[in-house]
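# Structural characterization, general
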Amino acid sequence: MGQQKRSKLKRETLIAAQQERGQSQNPWCEANGVNYHTFPDRARRLRRREKPTQWAEAQAAADTGAIQVEVGTFRVIVPENFNEASLLRVCKVLASLC
């Protein structure tokens, strides 16, 4: 049997139905004839699109050249000679908390 190509609206409807049901993805997909190998990725993409964009406030500290970033109740002071990889890790953690 060939793969069934679904419209964006149909995929979103299927994802909403699975979430409303509260059943695990694999059993739900088997019971509803949905390809489990693509379903989790499509559901994850939909959740990302629905998540509202959050902005953070950043200010330059005049005396030190550092940047102060505030996300929610968190404040991060980034010095001039910061490590980009470390800042990226901190931002990912803050994004998951906010």
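First, a word on what this report is: a plain description of the structure on this page. If you're wondering where the values come from, they're calculated on a predicted model, not measured in any experiment. The numbering scheme is per chain: residues are counted from 1 as the chain's sequence reads. In view of the model being predicted, local features appear only for residues whose pLDDT reaches at least 70, and side-chain atom pairs are presented and counted only at 80 or more, with totals across whole chains, interfaces and linings using the full set of residues. Excluded from the side-chain calculation are hydrogens and water; included are all heavy atoms of the structure.

Further remarks concern the packing of aromatic side chains. Pairing of aromatic rings covers Phe, Tyr and Trp, the last counted by its six-membered ring, and requires centre-to-centre distances within 6.5 Å; plane angles under 30 degrees mean stacked, over 60 mean edge-to-face, and any other angle means tilted. All chains considered together, the criterion is met by one aromatic pair. Ring geometry for Trp-28 versus Phe-39: centroids 5.4 Å apart, planes at 35°, classification tilted. Note that Trp-28 is positioned in helix 2 (residues 25-32) and Phe-39 in helix 3 (residues 39-50), a separation of 11 residues in sequence. Accessibility classification places Trp-28 together with Phe-39 in one group, the buried group. Numbered from the N terminus, helices here are DSSP runs of H or I no shorter than four residues, and strands are runs of E no shorter than two. When a residue's accessible area, from a 1.4 Å probe over protein chains only, is under 20% of the maximum for its type it is buried; when over 50% it is exposed; and in between it is partly exposed.

The rule for a salt bridge is simple: a side-chain nitrogen of Lys or Arg has to be within 4 Å of a carboxyl oxygen of Asp or Glu. Across all of its chains, the model carries two salt bridges by this definition. Measuring nitrogen to oxygen at the nearest pair gives 4.0 Å for the salt bridge that ties Asp-41 to Arg-44. Residue Asp-41 and its partner Arg-44 are located together in helix 3, separated by three residues, close to a single helical turn. Across the salt bridge formed by Asp-41 and Arg-45, the nearest N and O atoms sit 3.0 Å from each other. Placement of the pair is Asp-41 and Arg-45 together in helix 3, with a separation of four residues, close to one helical turn. Judged by relative accessible area, Asp-41 falls into the partly exposed class, the value being 28%. For Arg-45, a relative accessible area of 42% translates into the label partly exposed. Within the structure, one salt-bridge network assembled from shared partners comprises Asp-41, Arg-44 and Arg-45.

Now for the nonpolar core. Nine residue types can take part in a nonpolar core, namely buried Ala, Val, Leu, Ile, Met, Phe, Trp, Tyr and Cys, and a core is a set of them joined through side-chain atoms within 4.5 Å. Grouped together as the largest cluster of nonpolar side chains are eight residues: Leu-14, Ile-15, Trp-28, Cys-29, Val-34, Phe-39, Ala-43 and Leu-46. Those elements that provide at least two residues to this core are helix 1 (8-21), helix 2 and helix 3. With three residues, helix 3 is the single largest residue contributor to this core. If sequence neighbours within four positions are ignored, Leu-46 has contacts with Glu-12 and Ile-15. The contact rule is simple, with two residues in contact once any of their heavy atoms fall within 4.5 Å.

Positionally, Leu-14 belongs in helix 1. Assessed through its relative accessible area of 15%, Leu-14 is described here as buried. Remark: the alpha-carbon pair of Leu-14 and Cys-29, spanning 15 residues in sequence, is separated by 9.4 Å. Residues contacting Leu-14, with those up to four places away along its chain left out, are Arg-6, Trp-28, Val-34 and Phe-39.

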